[in-house]
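Coordinates in review
The residues making up each chain are set out below.
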Amino acid sequence: MSRSNIVLESLDPHHSSLGQSERAWWKSAIIYQIYPISFFDSNGDGLGDLNGIYSKLDYLRDLGVDILWLSPIYKSPLADMGYDIADYYSTDPRYGTLGDWDRLTKGVHDRGMKLVMDLVVNHTSDEHDWFTQSRSSKDHPKRNWYVWRPGKLSTDGVGRPPNNWRSVFQGPAWDYDEATDEYYLHLYLTKQPDLNWDNEEVRESVYKMMKFWLDRGCDGFRMDVINLLSKTDGLPDAPVVDENDPTQPAPMHYANGPRVHEYIKEMNQKVLSHYDIFTVGEAPFSHSADDLAEYALPQNKELKTIFQFELMDIDSSDPLEPLIPKPWKLSDLKNVVEKWQTFKREEGFWNTIFIENHDQSRVVSRFGNDSEEWRSYSAKLFALLVVSQGGTLFIYQGQELGLKNFPESWGLEEYKDAATINFWNRFKERRTAEAKLGEEIDMSDVMKALQRKARDHSRVPMPWTADPHAGFTTGTPWMRVNDDYAQGWNVEAQLGNKTSVYAFYRHVLGYRKKSDLLVHGDFRVIERYRDHPQVFAFLRTFGPTTAVVLLNFGQEQVTLALEDTDVSPNIVEFAELALDNYRDLDTNTEPGREVLHASVILEGYQGKIFVK
């Protein structure tokens, strides 16, 4: 396999042709998500912290990061790893102080980067002072800050919840409060009661809190489950689709509800529009592109961008059961990418590009090939997939190293995520109830599902060195570090290796930042290979500039014939190789010029991008 240097494309020749709004700073930004508890521990207590992040800012800048997105660092009992907030105005002592946050923010800004916070306002922790007051009495002024309802009596006189909604994390979405004889709504854990956004006092308190962080130096928000703020009037029962369970999935009654856009427009008018910031919304249970677009179309004056999770559903048997895997085909991935690359561009809709985050397992294990032979090539191929798409690009910590899921040999005790444990317990309880006396309960398929898709895989501590615990901590890590850190899958080893996944990510991110073509260009699938089972081939065009993107998602070598295809004759034999995941990045080597021929060979998991 030949190796030579790659030359960066110069800026597109009509660099200034985009208008100011089309060239907004956040559109070409590289955003790096940090899961603070697992990033770097500065004080040896086994937990990542703000000072640990500060100590790695040069690493992030050198990678090519423009914006850091911090998963929640607010005070929290960590029932859902910080997405259960007990105080919006303080940092959790395990992560550091507000002074540490100020120091981190200054360090980020001094390096020319920006910092985005996670905004979690559909729910709080049950330890938040608002909820403590709300549950203290039916007559308390904050009672209506949360969603309280009396229970119902069943035909046998037994009390039951107000409706049959199922929590996202399994079990009833209601918890009974004996002191006040009512139930409170929690779409997630019992320790995460939902705020009542119909209450104006709640909304004004949230807006006040947002201004506190923005005025302190925060550069925007990633908004957690922002489409769940408004529930269907009357909170009706969900349709029965699971006769084996008294609770039923109910996103049709809480996702994209009747007043959600009213509330986000109000948020924009009262807060967001007064700052030059970046915003991105998370909108789960939304499978209509038009519904998602409503949150991010410029004329709607809500958010800058929105995440779509359609790509994350291609290997799920049911979007409401994301941990149950199903086989997927490359055509599934291609269809989703094409759909969103071409969606409402003329109306100004702007894409978000990601393949990993804290709620997904590692891409090289899930969609790629994490074997010793193919892991590096596969990880680099996915780097080419994401940098070659138009939109704002997100990278999750460790993605730039090609990290994979932890070993199948790890037992259930190594899994820490509440969603994982609830998933396991639900299936075990059901199978135990159905089993005959003395019958052994087989949970191997459930464990197999967790080994492939559990969120835990992305949450293991970041491997920095080959030292004990991968240099993440001098103490005992809160979660076991993946076993492969000593075999070169750590930052220190990859920084010194020009063939590493890290070196490739740094290179392709640098290339993308100089290319309007990749960030802003139009997208078109090469029709001849639309249905190819292992090749994704497409064009990106921006004015007179064209990129031909050829990606092989299989182990077998393939030969592509480009004559008489969507690739015009003036591209073939003239477009030059810009990026190739099989090529060395040794800058001391003179580049070998390679042009796009009518016949192109791709080795296993090889990707090439040619530009004219």
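Attention in this report is confined to the structure presented alongside it. Because the structure is predicted, anything quoted here is derived from the model rather than measured.

A separate point is the nonpolar core. Counting residues in each nonpolar core, the largest one holds 160 residues, and the members touching the most others are Y32, M210 and F536. If you tally residues by element for this core, the top one is helix α10 (residues 375–387), at 9 residues. Within the second largest apolar cluster, 20 residues are counted, among which are I526, L550, V558 and L577.

Unusually for a residue other than glycine, V225 sits at a positive phi of about 30°. Structurally, the position occupied by V225 is in the loop between β11 (220–223) and α6 (260–270). One non-glycine residue with positive phi stands out, namely D564, at about 55°. Looking at the element boundaries, D564 is found in the loop between β21 (558–561) and β22 (576–580).

Looking now at the pattern of salt bridges. A complete count under the given rule lists 51 salt bridges for this structure. D92 serves as the salt-bridge partner of R94, at 2.8 Å between the closest nitrogen and oxygen. For D92, a relative accessible area of 3% corresponds to the buried category. For R459, the salt bridge goes to D417, with nearest N and O atoms at 3.5 Å. Here D417 lies in the loop between β17 (392–396) and α11 (418–434) and R459 lies in the loop between α12 (444–453) and α13 (491–495), a separation of 42 residues in the sequence. Grouping residues by exposure puts R459 and D417 together as buried. Bridged by salt links that share partners, the residues D80, D359, D417, R455 and R459 form one connected network.

For α11, with 17 residues, the first-to-last C-alpha span of 24 Å sits near the 24 Å given by 1.5 Å per residue. Residues A418, A419, T420, F423, W424, R426 and F427 constitute the buried set of α11. Among the structural elements, β15 (321–325) and α12 are those in contact with the buried residues of α11.

A word on the pairing of strand β19 (residues 535–542). Most of β19 sits inside the fold, with 7 of its 8 residues counted as buried. Sheet analysis places strand β18 (residues 522–525) next to β19, joined by 4 bridges and oriented antiparallel. Considered in β19, the bridge of F523 is made with R540. Two elements, β19 and strand β20 (residues 545–552), share 8 bridges in a ladder whose sense is antiparallel.

On a regular strand, one side chain projects to one face of the sheet and the next to the other, so that they alternate. Across the two faces of strand β2 (residues 67–70) the burial is the same, with I67 and W69 and L68 and L70 all buried. Relative to β2, strand β1 (residues 30–34) runs parallel, the two being bridged by 4 bridges. Looking across to β2, one finds that I31 is bridged to I67. Here β2 pairs with strand β5 (residues 114–119) via 4 bridges, running parallel.

With that settled, consider the environment of R528. Within the secondary structure layout, R528 lies in the loop between β18 and β19. Judged by its relative accessible area of 40%, R528 is partly exposed. Separated by 3.2 Å, the side chain of R528 and the backbone oxygen of D564 make a polar contact.

What follows deals with the packing of α11 against α12. Relative to each other, α11 and α12 sit at 165°, their axes nearing to 10 Å. Compared by their axis directions, α11 and α12 come out roughly antiparallel. The element α11 and its partner α12 pack so that their crossing is right-handed. Taken together, the residues of α12 that come into contact with α11 (itself represented by T420, F423, W424, F427 and R431) are D445, V446, M447 and L450.

Quick look at the sheet that holds strand β10 (residues 182–185) now. Across the sheet, 3 strands lie side by side as β6-β10-β9; this open sheet has antiparallel pairing. In the strand order of this sheet, the two ends are held by β6 (148–149) and β9 (174–177), each with one partner. Alignment of β6 against β10, held across 2 bridges, turns out to be antiparallel. Counterpart to W148 in the pairing with β10 is Y184.

Our next topic: the packing of helix α5 (residues 200–216) against α6. Contact geometry of α5 with α6 gives a least axis separation of 11 Å together with a crossing angle of 40°. Comparing their axes, α6 and α5 come out oblique. Taken as a pair, α5 and α6 cross one another with a handedness that is right-handed. Note on element contacts: α6 touches α5 through Y263, E266, M267 and K270, opposite R203, E204, Y207, M210 and K211. For the contact of α5 with α6, the residue count by class is 4 nonpolar, no polar and 5 charged.

Read across the open sheet, the 8 strands follow the order β13-β12-β11-β5-β2-β1-β17-β16; overall the sheet is parallel. Each edge of the open sheet carries a strand with a single partner, namely β13 (305–306) and β16 (352–353). Bridging between β11 and strand β12 (residues 278–281) involves 4 bridges; their strand directions are parallel. Looking at the pairing, F221 lines up with T279 of β12.

Right, let's talk about the packing of aromatic side chains for a bit. According to the stated counting rule, one finds 44 aromatic pairs in the structure shown. Ring plane angle 65° and centroid distance 6.3 Å describe the contact between W197 and Y207, whose orientation is recorded as edge-to-face. Residue W197 is found in the loop between β10 and α5, and its partner Y207 is found in helix α5; the two are separated by 10 residues along the sequence. By relative accessible area, W197 is classed as buried at 1%. For Y207, a relative accessible area of 1% puts it in the buried group.

A separate point is the side chain of R512. Mapped onto the fold, R512 is located in helix α14 (residues 501–513). Separated by 2.6 Å, the side chain of R512 and the backbone oxygen of V387 make a polar contact. The contacts of R512, once residues within four sequence positions are left out, are I30, V386, V387, S388, Q389, G390, G391, L393, L518 and V519.

This part covers the environment of W174. Mapped onto the secondary structure, W174 falls in strand β9. Residue class for W174 comes out buried when judged on its relative accessible area of 4%. In this structure the C-alpha to C-alpha distance between W174 and I67, which are 107 residues apart in sequence, comes to 38 Å. A polar side-chain atom of W174 sits 2.7 Å from a polar atom in the side chain of N163.

Conventions used here
- All residue numbers refer to positions counted from 1 along the written sequence of the respective chain.
- Per-residue local features are limited, in this predicted model, to residues with pLDDT of at least 70; the limit for side-chain atom pairs, both in listing and counting, is 80 or more; totals at the level of whole chains, interfaces and linings are taken over all residues.
- Heavy atoms throughout the structure, all of them, feed into the side-chain values; hydrogens and water do not.
- By nonpolar core is meant a set of buried Ala, Val, Leu, Ile, Met, Phe, Trp, Tyr and Cys residues that side-chain atoms within 4.5 Å join together.
- Residue burial is assigned from relative accessible area. The probe radius is 1.4 Å, only protein chains are included, and a residue is buried under 20% of its type maximum, exposed over 50%, and partly exposed in between.
- Note on conventions: DSSP H or I runs of at least 4 residues are helices, E runs of at least 2 residues are strands, and numbering of each starts at the N terminus.
- In what follows, salt bridge is the name for a side-chain nitrogen of Lys or Arg lying within 4 Å of a carboxyl oxygen of Asp or Glu.
- Given a helix with a known number of residues, its expected span is that number minus one, times 1.5 Å.
- Between two residues, a contact is recorded if the distance between any of their heavy atoms is within 4.5 Å.
- Two strands qualify as a pair provided that DSSP identifies no fewer than 2 bridges between them.
- Polar contact criterion, stated in full: a pair of N or O atoms within 3.5 Å, where within protein one must be able to donate a hydrogen and the other to accept it, and residues adjacent in sequence count only if both atoms are side-chain atoms.
- In this analysis, axes come from line fits to C-alpha atoms, helices being fitted only over the stretch in contact, and the angle between any two N-to-C directions falls in the range 0 to 180 degrees.
- Here the word oblique covers every angle except those under 35 degrees (roughly parallel), over 145 (roughly antiparallel) and from 65 to 115 (roughly perpendicular).
- Should the near helix be turned anticlockwise from the far one by less than a right angle, the crossing is termed left-handed; should it be turned clockwise, right-handed.
- Asp, Glu, Lys and Arg are counted as charged, while Ala, Val, Leu, Ile, Met, Phe, Trp, Tyr, Cys and Pro are counted as nonpolar; the rest, among them Gly, fall into the polar class.
- What counts as a ring pair is set by centres within 6.5 Å for rings of Phe, Tyr and Trp (its six-membered ring), and what kind of pair is set by the plane angle: stacked under 30 degrees, edge-to-face over 60, tilted for all other angles.

Note that all results are geometric; they support no functional claim without further evidence.
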